[in-house]
Protein chains: 6
Amino acid sequence: MVFLTRRATFSASHYYWNEAWSEEKNRQVFGKCANRNGHGHNYTLEVTVAGEPDPVTGFVVDLKWLKDVIEEKVMAAWDHRHLNLEVPEFATTIPTSENIAIAAWKRMEPVIAGAGGARLDRVRVYETPEIFAEYRGEA
Amino acid sequence: MVFLTRRATFSASHYYWNEAWSEEKNRQVFGKCANRNGHGHNYTLEVTVAGEPDPVTGFVVDLKWLKDVIEEKVMAAWDHRHLNLEVPEFATTIPTSENIAIAAWKRMEPVIAGAGGARLDRVRVYETPEIFAEYRGEA
Amino acid sequence: MVFLTRRATFSASHYYWNEAWSEEKNRQVFGKCANRNGHGHNYTLEVTVAGEPDPVTGFVVDLKWLKDVIEEKVMAAWDHRHLNLEVPEFATTIPTSENIAIAAWKRMEPVIAGAGGARLDRVRVYETPEIFAEYRGEA
Amino acid sequence: MVFLTRRATFSASHYYWNEAWSEEKNRQVFGKCANRNGHGHNYTLEVTVAGEPDPVTGFVVDLKWLKDVIEEKVMAAWDHRHLNLEVPEFATTIPTSENIAIAAWKRMEPVIAGAGGARLDRVRVYETPEIFAEYRGEA
Amino acid sequence: MVFLTRRATFSASHYYWNEAWSEEKNRQVFGKCANRNGHGHNYTLEVTVAGEPDPVTGFVVDLKWLKDVIEEKVMAAWDHRHLNLEVPEFATTIPTSENIAIAAWKRMEPVIAGAGGARLDRVRVYETPEIFAEYRGEA
Amino acid sequence: MVFLTRRATFSASHYYWNEAWSEEKNRQVFGKCANRNGHGHNYTLEVTVAGEPDPVTGFVVDLKWLKDVIEEKVMAAWDHRHLNLEVPEFATTIPTSENIAIAAWKRMEPVIAGAGGARLDRVRVYETPEIFAEYRGEA
C-alpha cells in the first residue's frame, strides 16, 4: 500500500456567523471572523489516496486524473468564491477548516471510490500555514 | 547602511471591479476576480527599513517598535477586512497587489520618517507565494 | 472525527550533556551539541487535537483557546529560554527533539483532556525544517 | 514511542516509459514524462523511525547515524543520477514517486532493523512540493 | 514605479560538460554534474516587471498576460526537457543557473518591451531553494 | 552581470545585553532577549556574489568554492556556538541580525575579492523566516 498525495490551492472568502445568535454573541464567539463583509484565505488542499502501484504504470492513480477530480469537484465550485454565499454546503454550516475538509471529502470520495483503483485516505485543508484540519472519513 | 526587514501576515477579501465599466467588460478584464461576493488571500507584508545600526543597541530600528507600527497602521485596518468595502484607500482604487503595496507604504512611511532613525526602504506584498508587488517610494 | 492542528514557534538554547560521562565521552557521542555554552534553534511546535466539529460553531476546539493553551503551558516557559538551565523537565533529561515532544505533550494533555471536548492526538516538534519528532501519547 | 524524522534532498533525472508499449501509447499515458531525454526533480526524502528515546542519550536513534544510513544507502546511488539508466531498481520498474518510496524503504529498512534500536516507520518522497508518495512497509 | 513579480516552476534535466575538455578535466571541474546521463531539478523562475499601475485596472501588467508570456516563451520550450539536448541556447552554452537566467531574460524581454507597458526588471532562477541566479539585463 | 546566491544555515545562541546599562535598563530595552542564559535561532545566511559568467564554465564563481568559503569563514566559527561568548566580533558588539550580517560580510569579503573573479554583492541573515537583515558593504 502506498499513499499518494497531491496539493492544490484556492482563494476564497468566508465569515463565521450563527444565525441563531445575536450579533453580540457572534462577535464574542467568533471575534474578527464574524465580520459579515467577509475575509479570505489562500487555502491549500492536500488530497491523499491509498492503493497499490499499478505494475504497468507505477501509478497508484494517474496524477493528471487526480488533478482533474480536484479541479472539477472542488476548485470549480470554491476557487475565487465566497464560501458562505456561493457554496451550498456552507449555506447552513459554518465554513471552518474542519467543515471545509469534510465537505471536500464528500465531494471527491464517491468519484475516487467509483474509479475502482485507489481509495481516498485523507483530506487536509490549510487555512494558513499555521492552521490545518484533516478528515479521514467516518470509519 | 543595513536593510532590516520584518514580515507580517493578514487575511482579507477583495474583488476587482471598475464602476465605469459594464459587468461584461469587468468579467472580460478581471475574470474570476470580478466576482462581487469577493474572494480572499493570506497576504504577507514585508517591510524593509534602511539605516545605520545604533552602536549602543545594535538596532537599525527596534523590531518591537516596527511590529507596532505595522500593527497600528496596517493590520488594525486591513486584517480580517474586506478591502473594497472597509478600507478607505480602496473605495475608488482597485486593491491589486500593486495598489496594496503603495497604500501600505503611505500608511507607514510618515511614522517611520518621523521617528528620525531609519527610512522606509521598500514594502513588498505577497498575494500568494507566487505573486508579489514591491514599492520603493516615488524617487 | 476531524484532526485540527495549530503551529507555534519558539526560540530556545540547549546543549546535549550527560553528567555521568566524561567530557571526552560527551564530545564523542554528542559532537558539536556538547558545547556547554549552548546553541539554539527556532523550534516549531505542531499541536493536533481530534474530535467532532461542534454543530453550532463548526469547531473541534476554539483555535483561540488552543493558542492560549500553547502559550500558557509551553511558550511562557520555553520561549527565549535555555532549556537545560531554565526548564524543569530538562534539568535531568536531555532536551532532544524526542524529549521536547514528550514534555510538550505532558504540559498540554491534561488541560485539553480536562476541557472535555477534544483529545490531544499528537505533538510534533521541528528542531529545524529537516528534523522533527512526534509523540502520540503512551497508548 | 516517539517518531523521529530526518529529511534529505537529491537531484535526479527520470522518464516514464513502458517498453511493452508503442511510442504513441507511452505518450498518451505518460504525456510529457515520456520524453526519453529525461527531465528531473529536486526530490525530498523524509525518513521516519519509531522507538523509545534512550534514557541515557535522549535519542530514538542518533541522527548522525541516520544521516549516514540515508547517505550510504540512497544518496550515494541516486543523487545526480539518471534513475532509469543508473539505478538497478528502475531498470524494469518505472521510477514514479510511489516506486521511489518503496525502493528507498527496501534500501534502508534492513540496516535500520539490523541496528536493533528503532524500526523504520515510513518513507515519504516529494517529487515537487505539490506531489508526494509515502510507504509504510508491507504489514 | 511598482515592481510586480510572478513565479513559475519547471522540471528539467541538465549536465555540465565542456566539449573542449577531457572527461577527466570535466569530472574534476564539474564533479557529479558531469554525469552525461544527466540529473535534474525543479527550477523556480521569478519574473519581475517594473512600471506604473494603470489607473483604470490597478495593474502594472495583467498577470494572466504575464503568465502566458512565461508559458509560451519559456515553459513550452524548457519544462520536462533535457536542457543540453533539446534547448538551442544550451547546445553550446553550459546550462548553469547563471546562463539559464540570461536565456530566460532573452526569451521574454522583447515581448515585454514590445507590449509597451512595463519593462522587464529582473529574472531570477532557483535551481534549488539554496541556490539561485539573477539577471537584470546588460545596462 | 549576474548575481549568484548560495544559502547556508547555522544554529547558534545569543543574548542582547549592554554592559554599560543596569539589568533593569537591559530588560526594558531588550525584553526577553536580555536573558543571560541565552536563547537561539536557526539562522539562514544568504551570500550573493556578482560577476560575469565565465564563458568556459558558465560559472560566476564555482558554487563548491563559495560553499567552502562560507564554511571556513563563517560556519566553522559560528555554527553550534554561543555568539556572545565564543565569537570575537560579538565580545563587545551586540549580535543583532544587523551586526551578524556586517560581521559575515567582513569575514568573507576579502577572500572573495582576493579570488579575483566576482565581488561580494550582499549578505542577508534571517534570524527567523519573519526577520532578516541585509548588508551591501560601505559604498
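Since we're looking at a predicted model, the values are computed, not measured.

Parameters and conventions
Residues numbered from 1 in each chain as written. Chains lettered and ligands numbered in written order. Predicted model: local features only at pLDDT ≥ 70, side-chain atom pairs only at ≥ 80, totals over all residues. Heavy atoms only, no water. Least-squares fit on C-alpha atoms with pLDDT ≥ 70 in both. Contact = heavy atoms within 4.5 Å. Helix = DSSP H or I, 4+ residues; strand = E, 2+ residues; numbered from the N terminus. Buried < 20%, exposed > 50% of the residue type's maximum accessible area, 1.4 Å probe, protein only. Polar contact = N/O pair within 3.5 Å; in protein donor to acceptor, adjacent residues only side chain to side chain. Buried area = accessible area lost by both parts, 1.4 Å probe. Salt bridge = Lys/Arg side-chain N within 4 Å of Asp/Glu carboxyl O. Pairing = 2+ DSSP bridges. Phe/Tyr/Trp six-rings, centres within 6.5 Å; stacked < 30°, edge-to-face > 60°. Lys NZ or Arg CZ within 6 Å of the ring centre and 35° of its normal. 1 Å grid on protein atoms, 1.4 Å probe; cavity = no way out; pocket = protein on both sides within 12 Å on 5 of 7 lines; lining within 4 Å. Points joined across faces, edges and corners; volume = space filled by probe spheres on them. Nonpolar A, V, L, I, M, F, W, Y, C, P; charged D, E, K, R; others polar. Bend = angle between axes of the 7 residues up to and from the residue. pLDDT = per-residue confidence, 0-100. Arc of directions from axis to C-beta.

Peer 1: What exactly am I supposed to notice about the relation of the copies chain A and chain B here?
Peer 2: Two chain copies here: they are related by a rotation about an axis and a translation along the same axis. When chain A is fitted onto chain B, the two copies agree to an RMSD of 0.0 Å after a turn of 180° and an axial shift of 0.0 Å. The transformation just described matches what one would write down for a two-fold rotation axis. A share of 100% of the interface residues of chain A reappears at the interface of chain B, consistent with the copies meeting face to face through the same patch.

Peer 1: Help me understand the relation of the copies chain E and chain B in this model?
Peer 2: It takes a turn of 120° to lay chain E on chain B, together with a shift of 0.0 Å along the axis; the resulting RMSD is 0.0 Å. Viewed as a symmetry operation, the transformation between the two copies matches a three-fold axis. Ranked by how close their C-alpha atoms come to the rotation axis, the residues of chain E are headed by P129 of chain E, at 7.9 Å.

Peer 1: Explain the environment of E134 of chain B to me, please; I cannot follow it from the model alone.
Peer 2: Summarising the element assignment, E134 of chain B is placed in strand 5 (residues 131–135). Assessed through its relative accessible area of 5%, E134 of chain B is described here as buried. Sequence-wise, E134 of chain B and S97 of chain B are 37 residues apart; in three dimensions their C-alpha atoms are separated by 8.5 Å. Discounting residues that sit within four places of it in the chain, E134 of chain B has contacts with R122, V123 and R124 of chain B together with M1, V2 and F3 of chain E. Looking at E134 of chain B, its side chain comes within polar contact range of the side chain of R124 of chain B, at 2.8 Å. Within polar-contact distance, the side chain of E134 of chain B engages the side chain of R136 of chain B at 2.9 Å.

Peer 1: Would you explain the interface of chain A and chain B in this entry?
Peer 2: You'll often see interface size given as the accessible area lost when the parts meet. Contacts between the two partners involve 20 residues from chain A, matched on the other side by 20 residues from chain B. The contact between chain A and chain B buries some 1600 Å² in all, and 43% of this surface belongs to carbon and sulfur atoms. In terms of surface lost to chain B, no three residues of chain A exceed N37, N42 and H80 of chain A, which account for 37% of the buried area on that side. Summed over the shared surface of chain A and chain B, the result is 2 salt bridges. Linking D79 of chain B and K32 of chain A is a salt bridge whose minimum nitrogen-to-oxygen distance equals 2.7 Å. There are 20 residue pairs in polar contact (both at pLDDT 80 or more) connecting chain A and chain B. Listing elements by their share of the side of chain A that touches chain B, those giving two or more residues are strand 1 (2–14), strand 2 (39–51), strand 3 (81–82), helix 3 (83–86) and strand 4 (119–128) of chain A. Here the element with the most residues in the side of chain A that touches chain B is strand 2 of chain A; it accounts for 4 residues.

Peer 1: How should the pattern of salt bridges be read in this particular structure?
Peer 2: Residues and elements named next belong to chain C. Taken as a whole and judged by the stated rule, the model has 72 salt bridges over all chains. When the shortest N-O distance is used, the salt bridge between R136 and E134 registers 2.9 Å. Classification of R136 by relative accessible area gives partly exposed; the value is 42%.

Peer 1: Sorry, what's going on with the pairing of strand 1 (residues 2–14) of chain F here?
Peer 2: Successive side chains on a regular strand alternate, one facing one side of the sheet and the next facing the other. With 11 of 13 residues buried, strand 1 of chain F lies mostly within the body of the structure. In this sheet, strand 1 of chain F lies alongside strand 5 (residues 131–135) of chain E in antiparallel orientation, the contact comprising 5 bridges. Paired with F132 of chain E across the strands is T5 of chain F, a residue of strand 1 of chain F. Alignment of strand 1 of chain F against strand 2 (residues 39–51) of chain F, held across 13 bridges, turns out to be antiparallel. Paired with R7 of chain F across the bridge in strand 2 of chain F is E46 of chain F. Two elements, strand 1 of chain F and strand 3 (residues 81–82) of chain F, share 2 bridges in a ladder whose sense is parallel. Note that in strand 3 of chain F the partner of S13 of chain F across the bridge is H82 of chain F.

Peer 1: Explain the pairing of strand 2 of chain F here, please?
Peer 2: All names here are of chain F. With 13 of 13 residues buried, strand 2 is to be regarded as a mostly interior element. Every second residue of strand 2 is oriented toward a common face, with H39, H41, Y43, L45, V47, V49 and G51 on one face and G40, N42, T44, E46, T48 and A50 on the other, all of them buried. Of the pairings in the sheet, the one linking strand 2 to strand 4 (residues 119–128) comprises 7 bridges and is antiparallel in character. Looking at strand 4, one finds that A50 is bridged to R119.

Peer 1: Is there a simple way to explain the packing of aromatic side chains in this structure?
Peer 2: Ring pairs (aromatic) are described by centroid distance and by the angle formed between their planes. What the rule picks out here adds up to 54 aromatic pairs over all chains. Considering the side-chain rings of F59 of chain B and F30 of chain F, the 5.6 Å spacing of their centres and the 90° angle between planes classify their relative orientation as edge-to-face. Here F59 of chain B, found in the loop between strand 2 (39–51) and helix 2 (63–78), pairs with F30 of chain F, found in helix 1 (residues 23–30), and the two come from separate chains. Judged on exposure class, the residue F59 of chain B and its partner F30 of chain F are both buried. Here the aromatic rings of W105 of chain B and Y135 of chain B are separated by 5.5 Å at their centres, their planes lie at 80°, and the arrangement is edge-to-face. In this pair, W105 of chain B sits in helix 4 (residues 97–114) while Y135 of chain B sits in strand 5, placing the two residues 30 residues apart along the sequence. Neither residue differs from the other here; W105 of chain B and Y135 of chain B are each classed as buried. An aromatic cluster is defined as three or more aromatic residues linked by ring pairs; in this entry it consists of F10, Y43, W78 and F90 of chain A. A cation sits over an aromatic face here: K25 of chain D above W21 of chain D, 5.0 Å from the ring centre. Its end group placed over the ring of F3 of chain F, R136 of chain E keeps NZ or CZ at 3.7 Å from the ring centre.

Peer 1: Any chance you could explain the arrangement of the chains here in plain terms?
Peer 2: With no contact formed, the shortest span from any C-alpha in chain B to any C-alpha in chain C equals 15 Å. Taking C-alpha atoms as the reference, chain A and chain F come no closer than 13 Å and do not contact one another.

Peer 1: Where do I start with the layout of surface pockets in this structure?
Peer 2: Leftover empty space is mapped by rolling, across the atoms, a probe with the size of a water molecule. All names here are of chain B. A volume near 400 Å³ is recorded for the second largest pocket. Broken down by secondary-structure element, the contributors of at least two residues to the lining of the second largest pocket are helix 3 (83–86) and helix 4. Of all the elements, helix 4 adds the most residues to the lining of the second largest pocket, at 3 residues. Of the residues belonging to the lining of the second largest pocket, the class tally is 13 nonpolar, 7 polar and 6 charged.

Peer 1: Is there a simple way to explain the interface of chain E and chain B in this structure?
Peer 2: If you look at the interface, chain E gives 19 residues, while chain B gives 20 residues. Of the roughly 1600 Å² buried between chain E and chain B on both sides combined, carbon and sulfur atoms contribute 57%. Applying the counting criterion to the chain E and chain B interface returns 0 salt bridges. Joining chain E to chain B, the criterion identifies 8 residue pairs in polar contact (both at pLDDT 80 or more). Of all the secondary-structure elements, those providing two or more residues to the side of chain E that touches chain B are strand 1 (2–14) and helix 2 (63–78) of chain E. Ranked by residues supplied to the side of chain E that touches chain B, first place goes to strand 1 of chain E with 6 residues.

Peer 1: Got a minute to help me understand helix 2 (residues 63–78) of chain F in this structure?
Peer 2: Given 3.6 residues per helical turn, the α-helix brings residues three or four places apart onto the same face. Residue and element names in this part refer to chain F. Along helix 2, the sharpest change in direction is near 40° and occurs at E71. By the burial criterion, the buried members of helix 2 are L63, L66, V69, I70, V74, M75 and W78. Its side-chain oxygen 2.8 Å from the backbone nitrogen of K64, D62 forms the N-cap of helix 2.

Peer 1: Teacher, can you tell me more about the confidence of the model for chain A here?
Peer 2: As a general rule, the predicted coordinates of low-pLDDT regions are not to be interpreted in detail. Mean pLDDT over chain A: 97, with 99% of residues reaching 70 or higher. Among the prediction metrics, the complex's ipTM stands at 0.97, with pTM recorded as 0.97.

Peer 1: Looking at this structure, how should I read the side chain of T96 of chain F?
Peer 2: Tracing the backbone shows T96 of chain F in the loop between helix 3 (83–86) and helix 4 (97–114). What T96 of chain F contacts, discounting residues up to four positions off in sequence, is T57, G58 and F59 of chain B together with Y16 of chain F.

Peer 1: In this structure, what is going on with the environment of H41 of chain C? I would like to understand it.
Peer 2: Residue position: H41 of chain C is located in strand 2 (residues 39–51). H41 of chain C sits in the buried class, given a relative accessible area of 2%. Placed 92 residues apart in sequence, H41 of chain C and A133 of chain C show a C-alpha to C-alpha distance of 14 Å. Those residues in contact with H41 of chain C that lie beyond four places of it in its chain are F10, S11, A12, H14, E127 and T128 of chain C together with S11, G40, H41 and N42 of chain F. Here the side chain of H41 of chain C touches H14 of chain C through a polar contact of 3.3 Å, side chain to side chain.

Peer 1: Honestly, helix 1 (residues 23–30) of chain C in this entry has me stumped. Any pointers?
Peer 2: Turning to helix 1 of chain C, its buried residues number three or more, namely N26, V29 and F30 of chain C. All buried residues of helix 1 of chain C fall inside an arc of 80° around its axis, so they share one side. More than 90 degrees from the buried face of helix 1 of chain C, the exposed residues found are E24 and Q28 of chain C. On the buried face of helix 1 of chain C, the contacting elements are helix 2 (63–78) of chain D. With its phi angle positive at about 55°, G31 of chain C sits one or two positions after the end of helix 1 of chain C.

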